[in-house]
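Fold and contact review
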Amino acid sequence: MTSRQTHVIVGASLAGAKAAETLREEGFDGRVVLVGSEDKRPYERPPLSKNYLRGEVGREKVYVHDEGYYAEHDIELRLGRTAVSLDTSSSELELDDGALLRYDRLLLTTGAEPRRLSIPGAELDGVLYLRSFQDSDTLRERLDRGGAVIVVGAGWIGTEVAASARQRGLEVTVLDPASVPLERVMGTEVGAIYSDIHTDQGVQMLMGTGVEAFEGDGAVERVRTSDGRELECDFAVVGVGVEPRTWLAAQAGIAVDNGILVDEHLQTSAPGVFAAGDVANSHHPFYGERIRVEHWANALNQGPAAARTMLGHDTPYERLPYFFSDQYDVGMEYSGFARNWDRVIFRGDPATREFVAFWLVDDRIVAGMNVNVWDVTDPIKRLISERVTVDDRALSDPDLPLEELGHVENGSVA
Ligand SMILES: Cc1cc2nc3c(=O)[nH]c(=O)nc-3n(C[C@H](O)[C@H](O)[C@H](O)COP(=O)(O)OP(=O)(O)OC[C@H]3O[C@@H](n4cnc5c(N)ncnc54)[C@H](O)[C@@H]3O)c2cc1C
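Report follows, based on the coordinates. (Residues numbered from 1 in each chain as written. Predicted model: local features only at pLDDT ≥ 70, side-chain atom pairs only at ≥ 80, totals over all residues. Heavy atoms only, no water.)

Here the focus is the side chain of T246. Residue placement: T246 occurs in the loop between β17 (242-244) and α6 (247-251). Dropping the residues within four chain positions of it, T246 is found in contact with V256, G259, I260 and V279. (Helix = DSSP H or I, 4+ residues; strand = E, 2+ residues; numbered from the N terminus. Contact = heavy atoms within 4.5 Å.)

On the surface, D375, D378, E403 and E404 cluster together into a patch of negative charge. Positionally, D378 belongs in helix α8 (residues 377-385). The class of D378 is exposed, set by a relative accessible area of 59%. (Patch = residues over 30% accessible without salt bridge, like charges linked within 9 Å, V, L, I, M, F, W, Y side chains within 5 Å. Areas by Shrake-Rupley, 256 points an atom, 1.4 Å probe, with all protein chains shown as cover. Salt bridge = Lys/Arg side-chain N within 4 Å of Asp/Glu carboxyl O. Lys, Arg positive; Asp, Glu negative; His and termini not counted. Charge placed at Lys NZ, Arg CZ, Asp CG, Glu CD. Buried < 20%, exposed > 50% of the residue type's maximum accessible area, 1.4 Å probe, protein only.)

So, about the sheet that holds strand β9 (residues 127-128). Strand order in this open sheet of five strands is β9-β16-β10-β11-β12, and the pairing throughout is parallel. Both edges of this open sheet fall to β9 and β12 (204-207), since each of them pairs with a single strand only. Note: β9 against strand β16 (residues 235-238), two bridges, orientation parallel. The partner of L128 across the bridge, within β16, is V237. Sitting on the sheet, helix α4 (residues 156-167) touches β10 (148-152), β11 (171-176) and β16, and the angle it makes with β11 is about 165°. (Pairing = 2+ DSSP bridges. Axes fitted to C-alpha atoms, helices over the stretch in contact; angles between N-to-C directions.)

Bridge count between strand β1 (residues 6-10) and strand β7 (residues 105-108): four bridges; the pairing is parallel. Bridge pairing links H7 to R105 in β7. Relative to strand β19 (residues 273-275), β7 runs parallel, the two being bridged by three bridges. Paired with L108 across the bridge in β19 is A275.

Here the focus is the site of the ligand. Around the ligand sit 35 residues in total, of which S13, E38, R45, K50 and R131 are the nearest. Between the ligand and H295, the relevant distance is 3.2 Å, taken from an oxygen atom to a main-chain nitrogen or oxygen of the residue. Within the backbone of W296, a nitrogen or oxygen atom sits 3.1 Å from an oxygen atom of the ligand. In the complex, 95% of the free accessible area of the ligand, which totals 1000 Å², lies under the protein chains. Residue assignment for the shell around the ligand shows that the elements contributing at least two residues are α1 (14-25), β2 (31-36), α4, α7 (296-310) and β22 (322-327). In the shell around the ligand, the residues fall into 15 nonpolar, 11 polar and nine charged. (Near = heavy atom within 4 Å. Polar contact = N/O pair within 3.5 Å; in protein donor to acceptor, adjacent residues only side chain to side chain. Nonpolar A, V, L, I, M, F, W, Y, C, P; charged D, E, K, R; others polar.)

Spelled out as structure tokens, the structure:
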């Protein structure tokens, strides 16, 4: 590795910051440039819908690194700068201030942005989205004022914002055309548990209900629903999913399809250009197909994995997807990836809000979620990654340690 090389990272995000850190940790002594559109150094987004939003922790807790870290590690931060064009034949990147950066290796960690609603009234003041520090600060000011909020979308962002708003004492209504919250990921059986959790806290859950329009004089005052209701509110929060930010890659002719397409080494279709985090639709050796994961742990681990590939290492990225969520006093971790399943098995009583749910296809676990039960993600991941044959009775028995499942003779679980 010569010191003349320049590695550029576009996206001063969690994946980008961890990649820069890894380049230095692995001994790269060339130039490292980290470019980010936001004017803040890299930070973590999960607190923005949880304790940071509720005002329980300050900004310093949310940054990926201390302020001095980048200078100490000779990482050039170009904050408040957007990469506007990329030429992969000359290996040049242009920033919005006209600066041209020549790179030897380029990593795209451009992340994702909230999907916007295009319905009448969507541009009214008080129709809010949540992705950045600034969005969270704006939302927090609204929570400080109290009143009634309508949350459009019962996915992760919607349910977490609903929980935080309720914890701050607001009147909260959640709308979603699905039959239960989080239905796409968890299905109706487990989603119904999350519906109960919110209802018990006093949230009005209007499931099976879409939004037709936001109405008000300059600012949103009410939401018109698909079933013709008019719901008064002081503001609304929209959480209807995210879109990967692929335009820079697409403009450069790099292959994109629901994200930037990368192989298991996080290499894009352009030599010397890599992608990681929310924006990467990567081939996963375990699943034998491409998946795009929009979660914290993926950004945390793929950034470093991409950095190692940039330095010539040959290790594929094959971690199982993992994410977590905290709502009220209910914490959960989900491991694996279930597009389809034929049944759900519970270990423990969901009514107690301390249980593990397993999604199965035939006699194999494809995903597991521990709710207020801790230190079980390693055995859950093992059951999935080793494709252990399981028996429903053993799986549902809390007295049989998960570590022991699959360790009996004849290949099936005790
Ligand atoms: C409110 C909230 C709560 C969340 N909670 C959880 C949770 O509880 N659990 C969980 O697992 N996950 C959670 N997530 C998801 C997690 O935060 C994301 O998966 C993670 O942030 C993805 O990181 P990333 O590095 O891929 O990209 P991002 O965080 O999206 O960052 C990309 C960065 O790139 C910059 N950028 C884009 N294009 C350019 C360009 N052309 N030039 C320069 N800069 C550019 C953007 O401005 C942005 O700063 C949450 C997300 C949000 C928004």
